[in-house]
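# Geometric and topological summary
So you can see what is in the structure, the chains are spelled out below.
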Amino acid sequence: MGTGIVSTDPHTLRRPIAPSPTPGDGLSAPRPCPLISVAVLSYNAEATIQDTLDSVLNQAYGPRNIELVISDDGSADGTPAAITAWLEKHREHFHKARAIFNEINAGVSRNCNVAWQACSGEWIKTIGADDLLTADCLSTYVDYVLHRKDCDAVFAKMRWFGAIDRVTPEPSQLAFFDRTAMQQHRLLRYGSFNFAPTSFLRNSALASVGYADERFRNIEDLPLWLKLTRHGHKLFLIDRITVNYRVAHSISKSSSRFVNLPFLLELIEIHSQQEP
């Protein structure tokens, strides 16, 4: 698969910078500020990707603490040109920024892997090129994981906008995140719900389970959650909205994603056969 890469000049890269303490807040030193990779996945997102990228740039966490990796899955519209123009204007604000333009449309699972394997941050926040991060998204996750050393995968709430106005997970779904990793694994084998847009994953944990399963071209999340939980990585939840989730035609909201039950049952059967 051929790719082209737009990236910052290595001489312009900066070390992550911890925010200065607020006067009078009682802090003697700034909190740790690990480098976070934000992986933006695009496919025919010309109309929305600049808003998505702006939401990354405007993070309260500070763009100099962010490695931005954009992976385009062979878009046939003006998405590559929009990405290039945006990077030319804003790349200098980031610790590091690059775009990968895949020549062939290989599906969302492969596009995830291309982006994730290019990330060097301790944690990876993935976002579709039609969704938006809240301004405190990354700060919220970092504050959480700094106090939960046992956490390798954490999620949050998201607000749907566009064709649907709602907040998920639903109250009835919250108990899932109180389960152990193995209990979560058993539940995921028989049913799931959409929380992928809010994922915040430790890079090393993602690598340890082999990233997304590329046998499933358009469903990257459920196979990954099954692998993570099977290997003992519990999925945690923050009770706060961190993502605005656009409901429209996109890489992650096609109708087939939710109604192709035979495909999902086949997927679950494959992973159930891998039980120890």
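Quick note: structure is the one above.
Just so it is clear, the structure is predicted and the values come from calculations on it, not from any experiment.

Criteria and cut-off values
Residues numbered from 1 in each chain as written. Predicted model: local features only at pLDDT ≥ 70, side-chain atom pairs only at ≥ 80, totals over all residues. Heavy atoms only, no water. Axes fitted to C-alpha atoms, helices over the stretch in contact; angles between N-to-C directions. Helix = DSSP H or I, 4+ residues; strand = E, 2+ residues; numbered from the N terminus. Parallel < 35°, antiparallel > 145°, perpendicular 65-115°, else oblique. Left-handed = near helix turned anticlockwise from the far one by under 90°. Contact = heavy atoms within 4.5 Å. Nonpolar A, V, L, I, M, F, W, Y, C, P; charged D, E, K, R; others polar. Salt bridge = Lys/Arg side-chain N within 4 Å of Asp/Glu carboxyl O. Buried < 20%, exposed > 50% of the residue type's maximum accessible area, 1.4 Å probe, protein only.

## Notes on the packing of helix 5 (residues 181-190) against helix 7 (residues 221-230)
The contact between helix 5 and helix 7 brings their axes to 8 Å, and the two run at 150 degrees. One way to sum up the angle between helix 5 and helix 7 is to call them roughly antiparallel. Both helix 5 and helix 7 take part in a crossing whose hand is left-handed. Where helix 5 approaches helix 7, its residues Ala 181, Met 182, Gln 184, His 185, Leu 188 and Arg 189 are matched on the opposing element by Leu 222, Trp 225, Leu 226, Thr 229 and Arg 230. Of the residues assigned to the contact of helix 5 with helix 7, the class counts are six nonpolar, three polar and two charged.

## Describing the pattern of salt bridges
In this structure the tally under the stated criterion is nine salt bridges. In this structure, the salt-bridge partner of Arg 202 is Glu 122, at a minimum N-O distance of 3.4 Å. Within this pair, whereas Arg 202 is found in strand 9 (residues 200-202), its partner Glu 122 is found in the loop between helix 3 (108-117) and strand 5 (123-128), the two being separated by 80 residues in sequence. Here Glu 122 falls in the partly exposed class, since its relative accessible area comes to 41%. A salt bridge links Arg 240 to Asp 136; the shortest N-O distance between them is 2.6 Å. Residue Arg 240 is located in strand 10 (residues 235-247), and its partner Asp 136 is located in the loop between strand 6 (132-133) and helix 4 (137-145); the two are separated by 104 residues in the primary sequence. Accessibility expressed as a relative area gives 23% for Asp 136, which makes it partly exposed. Salt bridges sharing common partners tie together Glu 122, Asp 152 and Arg 202.

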